[in-house]
Amino acid sequence: MRFVRPFSALRRHPRLKSGLAATLVASSLISPLSWGKNAQAQTASQTISQYCQLSAEAIAQKDSLRAEALAGDRNAQNRYRAILTEHADLIRRCRQENWPQNQAIWLRLYPCDLREGVLEALMDRIVSRGYNQVYVEVFYNGQVLLPASENRTPWPSVVRNPGHEQADLLEQAISKGRERGLKVYAWMFSLNYGYSYTQRPDRQQALARNGQGQNSLNARTTAGLSTDLSGTGSEEAFVDPYSLQAKQDYYGLLQAILQRRPDGVLFDYIRYPRGTGSASVAGRVQDLWIYGPSAQQAFLNRATNQSGQELIRRFFSRGYITAGDIAAVKALYPTEGEPMWQGRTPSVSFASTPAPQLQAVLQWELWQLSVAHAVQGVLDFLAMAALPVQRQGIPAGAVFFPDGNQSVGQSGYDSRLQPWDRFSNSLEWHPMVYGTCGNTSCIVSQVLRVVSQAQPGTKVQPVLAGTWGQSVSNRPSLEAQMQAIRQVAPQINSVSHFAYSWQDPQSDRERKFCQL
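Residue indices follow the written sequence of each chain, beginning from 1 at its first position. In keeping with the model being predicted, local features are shown solely for residues with a pLDDT of at least 70 and side-chain atom pairs are shown and tallied solely at 80 or more, while totals for entire chains, interfaces and linings include all residues. Excluded from the side-chain calculation are hydrogens and water; included are all heavy atoms of the structure.

Undergrad: Any chance you could explain the overall build of the protein here in plain terms?
TA: Each helix is a run of H or I in the DSSP string that is no shorter than four residues. Each strand is a run of E no shorter than two, and both are numbered from the N terminus. Tallying secondary structure elements over the protein gives 15 helices and 15 strands in all. Each residue's exposure class comes from its accessible area (1.4 Å probe, protein chains only) as a fraction of the maximum for that residue type: buried when under 20%, exposed when over 50%, partly exposed otherwise. A total of 516 residues make up the protein; the buried ones form 56% of that total. Residue burial considers only the protein chains on display, and all accessible areas are found by Shrake-Rupley using a 1.4 Å probe. A total accessible area of about 21100 Å² is found for the protein, and carbon and sulfur atoms account for 48% of it.

Undergrad: Help me understand the state of the cysteines in this model?
TA: By definition, a disulfide links two cysteine residues through a covalent bond between their sulfur atoms. Any two cysteine sulfur atoms lying within 2.5 Å of each other are counted as a disulfide. Applying the stated criterion to the full structure yields three disulfides. Here Cys437 pairs with Cys442 through a disulfide, and the sulfurs are 2.3 Å apart. Disulfide Cys437-Cys442: the torsion about the S-S bond is -95°, which places it as left-handed. For Cys437, a relative accessible area of 33% gives the class partly exposed. Shown here for the protein is a disulfide pattern of 1-2, 3-6, 4-5, where each number marks a bonded cysteine counted in sequence order.

Undergrad: Would you mind showing me how to read empty space enclosed by the protein here?
TA: To find the voids left in a structure, one rolls a probe of water-molecule size over its atoms. Site definitions follow a grid-based scheme: protein atoms alone, a 1 Å grid, a 1.4 Å probe that fits but cannot get out for cavities, and for pockets an open set with protein on both sides within 12 Å along at least five of seven lines, plus lining residues having an atom within 4 Å of a point. Grid points are joined across faces, edges and corners, and a volume is the space filled by probe spheres set on the points. If you add up the space inside the largest cavity, you get close to 40 Å³. Of all the secondary structure elements, the ones that give two or more residues to the lining of the largest cavity are strand 1 (102-107), helix 14 (500-503) and helix 15 (505-513). Asp, Glu, Lys and Arg are counted as charged, while Ala, Val, Leu, Ile, Met, Phe, Trp, Tyr, Cys and Pro are counted as nonpolar; the rest, among them Gly, fall into the polar class. Of the residues belonging to the lining of the largest cavity, the class tally is five nonpolar, two polar and three charged.

Undergrad: Any chance you could explain unusual backbone geometry here in plain terms?
TA: Excluding glycine, most residues fall at negative phi; most peptide bonds, likewise, are trans. A cis amide bond links Trp99 with the next residue in sequence, Pro100, at an omega value of -5°. Tracing the backbone shows Pro100 in the loop between helix 3 (74-97) and strand 1. Phi is positive for Cys52, close to 60°, though the residue is something other than glycine. By the element assignment, Cys52 lies in the loop between helix 1 (35-39) and helix 2 (56-70). The exposure class of Cys52 is buried, given its relative accessible area of 0%. Not every positive phi belongs to a glycine, and Arg261 is a case in point at roughly 55°. If you trace the backbone, Arg261 turns up in the loop between helix 7 (244-258) and strand 6 (264-268).

Undergrad: Can you help me understand the packing of aromatic side chains in this one?
TA: A pair of Phe, Tyr and Trp rings is counted when the ring centres sit within 6.5 Å of each other, with Trp represented by its six-membered ring. The angle between the planes then sorts it: under 30 degrees is stacked, over 60 is edge-to-face, the rest tilted. This structure, assessed with the given rule, holds 27 aromatic pairs. The interplanar angle of 25° and the centroid separation of 5.5 Å between the aromatic rings of Trp155 and Tyr197 together place this pair among those described as stacked. In this pair, Trp155 is assigned in the loop between strand 3 (143-144) and helix 5 (169-179) and Tyr197 in helix 6 (residues 195-198), connecting sequence segments 42 residues apart. There is no split in this pair, since Trp155 and Tyr197 are both buried. Here Tyr250 and Phe381 contribute two aromatic rings whose centre-to-centre distance is 5.1 Å and whose plane-to-plane angle is 55°, an arrangement assigned as tilted. With Tyr250 in helix 7 and Phe381 in helix 11 (residues 355-391), the pair connects residues that are 131 residues apart, well separated along the chain.

Undergrad: How should the pairing of strand 15 (residues 494-498) be read in this particular structure?
TA: Two faces, one strand: in a regular strand the side chains alternate between the faces of the sheet. Of all five residues in strand 15, five are buried; the element is thus mostly enclosed. Of the two faces of strand 15, the one carrying Ser494, Ser496 and Phe498 and the one carrying Val495 and His497 are both buried. For two strands to count as paired, DSSP must find a minimum of two bridges between them. For strand 1 and strand 15, the ladder comprises four bridges, and the chain directions are parallel. Its bridge partner lying in strand 15, Ile105 is registered against His497.

Undergrad: Help me out: how do you make sense of helix 11 in this one?
TA: Between its first and last C-alpha, helix 11 extends 52 Å over 37 residues, near the 54 Å set by a 1.5 Å rise per residue. Of all 37 residues in helix 11, 27 are buried; the element is thus mostly enclosed. Just past helix 11, the residue Gly393 takes up positive phi, approximately 80°. Multiply 1.5 Å by the residue count of a helix minus one, and that product is the helix's expected span.

Undergrad: I'm lost on the nonpolar core in this one. Help?
TA: Burial of nonpolar side chains together is a common tendency in soluble globular proteins. Ranked by internal contacts, the top residues of the largest apolar core, which has 122 residues, are Val136, Met188, Phe267 and Phe423. With 17 residues, the single largest contributor to this core is helix 11. Dropping the residues within four chain positions of it, Phe267 is found in contact with Met188, Ser190, Tyr250, Leu254, Leu382, Ala385, Ala386, Val389, Ala396, Gly397, Ala398 and Val399. What makes a nonpolar core is a set of buried Ala, Val, Leu, Ile, Met, Phe, Trp, Tyr and Cys residues whose side-chain atoms join them at distances within 4.5 Å. Counting 16 residues, the second-largest nonpolar core is a separate cluster that includes Leu266, Val399, Phe401 and Tyr434. Residue contacts follow a heavy-atom distance rule, with two residues in contact if any of their heavy atoms lie within 4.5 Å.

Undergrad: What exactly am I supposed to notice about the pairing of strand 12 (residues 428-431) here?
TA: Residues of strand 12 alternate between two faces, with Glu428 and His430 on one and Trp429 and Pro431 on the opposite face, all of them buried. As paired strands, strand 9 (residues 396-400) and strand 12 are joined by four bridges and run parallel to one another. Looking across to strand 12, one finds that Gly397 is bridged to Glu428.

Undergrad: Would you mind showing me how to read the pattern of salt bridges here?
TA: Close approach of charged atoms allows side chains with opposite charge to pair. For this analysis, a salt bridge means a side-chain nitrogen from Lys or Arg found within 4 Å of a carboxyl oxygen belonging to Asp or Glu. Counted according to the given criterion, the structure contains 27 salt bridges. Residue Arg318 pairs with Asp325 through a salt bridge whose shortest N-O separation is 2.2 Å. Judged by its relative accessible area of 5%, Asp325 falls in the buried class. The salt bridge partner of Asp508 is Arg511, with a shortest N-O separation of 3.1 Å. Of this pair, Asp508 and Arg511 both sit in helix 15, three residues apart, roughly one helical turn.

Undergrad: It is not clear to me how the side chain of Glu236 should be interpreted in this structure. Could you clarify?
TA: Inspection of the secondary structure puts Glu236 in the loop between strand 5 (221-222) and helix 7. Using a relative accessible area of 6% as the deciding quantity, one classes Glu236 as buried. Looking at Glu236, its side chain comes within polar contact range of the side chain of Tyr269, at 2.9 Å. Polar contacts, as used here, are pairs of N or O atoms within 3.5 Å; protein pairs need one atom able to donate a hydrogen and one able to accept it. Residues neighboring in sequence count only if both atoms are side-chain atoms.

Undergrad: What am I meant to see in helix 12 (residues 441-453) here?
TA: Structural remark: α-helix, 3.6 residues per turn; residues separated by three or four positions point the same way. If you check helix 12, its first and last C-alpha atoms are 19 Å apart, about what 13 residues at 1.5 Å a residue would give, namely 18 Å. Of all the residues in helix 12, the buried ones are Cys442, Ile443, Val444, Gln446, Val447 and Val450. If you follow the buried residues of helix 12, they end up packed against strand 9, strand 12, strand 13 (459-460) and helix 13 (478-488).

Listed below in structure tokens is the structure:
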């Protein structure tokens, strides 16, 4: 595989019911499109709008039929099935004729969703709000959405309640979602394996480590935006992307997820931890998460001759090289000439350049090699994960922060080292445009940054944080964010909303903390 530089902006050395009156919520952005006219042939009282949300009356009628159907009323069961089909068709037509064509929501499931009627009500609510896609979290916080009886992964199952060992919540979510016209994607954490993984004695070698010997649990790192509106997660535990053990574990999990036949797979946490304070910038090799055994060995293997490997070893161990190191390498390998490693094109002569100048050049080049090595691990891991998904003929997508690939100052980089500008354009790009500035300007800026760096044909699908109809956490309403994005990037036709728990926090808490 071709070895790449860290980022596109990498510096050089100084020399992004039948008969149902299903009235939809009106939108102020655009007028109803032509589908509304066609719909009159089916239901004269139906109207359509951009956001495709069902009226309170339509929602109440569906809820009532669902309750009667669950109580065993066969007539209600038939009418409920009919209304599901009708709503699915209604949303499908609406989304075809209104921007965005795909509107998704991110969803975490809990054991209590196995209770009778809960998952049905959940999917009904999602459809009623105009969504045609749902991204179901299948691997997060060190647990997996697989039946305990079939779970062969190193992680515990989300559902661990006695008597429910065979319950397949993911399979049920996919089935009930599709029954309502939803495409159901599997949403997976990637390099963040969770606290439970770090507690396994047989997986310690797979953890990512920095130059202080720390893993992400005992270093100064910050968690990502949580599905809980009230706070953030606290157990980010990252692995070494070069670890064969870590890759085998993930591949096995992914195969189990793919057996459930989701409509796509989204990979989150395709990055390293983000440090706090000064640790948010990687400015020394010791700041990089490449000190796990596998990453260390792969780094040394970047050398293409012995003198190159010796310089890498010395730089890696101390964070710098000296004129004395250069002299020692020359003496050790007098016949090799230039020390070489992957991607190196010598800019000065190793033999004739004065020691102070040569030391500065080589130290810069070794720092760039270190960053590129860290970045390549992320890219290779994503390519490994995406391949079996794409082989099934379904979309694979990468979730990332638009500012996760930035350089900082003279020689530093954002500690996440998230090289999304080098992600393949065969993937869906899901930038998390979570900017908070009290209006939409910072959100638009993040979208434009991604669009400007995306290769032609890349499907950019922004992830918006917020709620309908009101600002939250200093973020404008979802409507305002969507309108702003459409104005500056009309070519984007898919967006998603993070997260269901933000839109209905009371329901989410009830589902999370109930007793199954």
